[in-house]
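A closer look at the structure
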Amino acid sequence: QVQLVESGGGLVQPGGSLRLSCAASGNTITIINMAWYRQSPGSQREQVARIISGGQTNYAESVKGRFTISRDIANDALYLQMNNLKPEDTAVYYCYARARIHGYWGQGTQVTVSS
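Here is what the cut-offs are and how they apply
- Residues numbered from 1 in each chain as written.
- Predicted model: local features only at pLDDT ≥ 70, side-chain atom pairs only at ≥ 80, totals over all residues.
- Heavy atoms only, no water.
- Helix = DSSP H or I, 4+ residues; strand = E, 2+ residues; numbered from the N terminus.
- Rg over C-alpha atoms; globule rule 2.2 N^0.38 Å.
- Buried < 20%, exposed > 50% of the residue type's maximum accessible area, 1.4 Å probe, protein only.
- Areas by Shrake-Rupley, 256 points an atom, 1.4 Å probe, with all protein chains shown as cover.
- Lys, Arg positive; Asp, Glu negative; His and termini not counted.
- Charge placed at Lys NZ, Arg CZ, Asp CG, Glu CD.
- Salt bridge = Lys/Arg side-chain N within 4 Å of Asp/Glu carboxyl O.
- Polar contact = N/O pair within 3.5 Å; in protein donor to acceptor, adjacent residues only side chain to side chain.
- Contact = heavy atoms within 4.5 Å.

**A few points about the overall build of the protein**
What the protein contains, in helices and strands, is zero helices and eleven strands. In the protein, the order of α-helices and β-strands from amino to carboxyl end is β-β-β-β-β-β-β-β-β-β-β. In terms of overall dimensions, the protein is globule-like: its C-alpha atoms have a radius of gyration of 13 Å, near the 13 Å expected for 115 residues. Burial status across the protein gives 40% buried among its 115 residues. Of the roughly 6100 Å² of accessible surface on the protein, 47% is carried by carbon and sulfur atoms. When the 10 positive and 7 negative side-chain charges of the protein are each reduced to one mean point, those points stand 5 Å apart.

In structure tokens, the structure reads:
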């Protein structure tokens, strides 16, 4: 079992920045890949950014050049640096960990971009 806890969400003005954190605990040695997803009301959950073993990263087109995903394996942490935030980035952001057999989700953290 892996437990994930996100933090760092909040209210920010357009053009501002936030850094999301995800703390992993439990059987973290089984984690292969990690990712950030988001879901806004009435929309499906979408993958925002992914980091795979070896450090390769992938981003949704809508956040390329603005968001950066990183992982601190030694401290079992995942981060999402979000710059130049836009109102359409408003959503609940979820941390996801893919382990050998199962996938795990955090509880989510709300990000609201509004003036």
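**Side note on the side chain of Glu6**
By the secondary structure assignment, Glu6 is in strand E1 (residues 2-7). For the buried Glu6, which has no salt bridge, the nearest side chain bearing the opposite charge is Arg45, at an N-O separation of 7.5 Å. Within the structure, the side chain of Glu6 is placed 3.0 Å from the backbone nitrogen of Gln107, a separation counted as a polar contact. At a separation of 2.9 Å, a polar atom in the side chain of Glu6 contacts the main-chain amide nitrogen of Gly108. With sequence-adjacent residues up to four places away left out, Glu6 is seen in contact with Ser21, Cys22, Trp36, Tyr93, Tyr94, Cys95, Gly106, Gln107, Gly108 and Thr109.

**Notes on the pattern of salt bridges**
Scanning the entire structure with this criterion turns up four salt bridges. Residue Arg66 pairs with Asp89 through a salt bridge whose shortest N-O separation is 2.8 Å. Linking Arg66 in the loop between strand E6 (57-59) and strand E7 (67-72) with Asp89 in the loop between strand E8 (77-82) and strand E9 (91-99), this pair joins segments that are 23 residues apart in sequence. A residue is classified by how much of its surface remains accessible, and Arg66, at 9% relative accessible area, is buried. Through salt bridges with shared partners, one network takes in Arg38, Glu46, Arg66 and Asp89.

**Some words on the environment of Gly26**
If you trace the backbone, Gly26 turns up in strand E3 (residues 18-26). Between the alpha carbons of Gly26 and Val2 there is a distance of 4.8 Å; along the sequence they are 24 residues apart. Gly26 has contacts with Gln1 and Gln3, leaving out every residue within four places of it along the chain.

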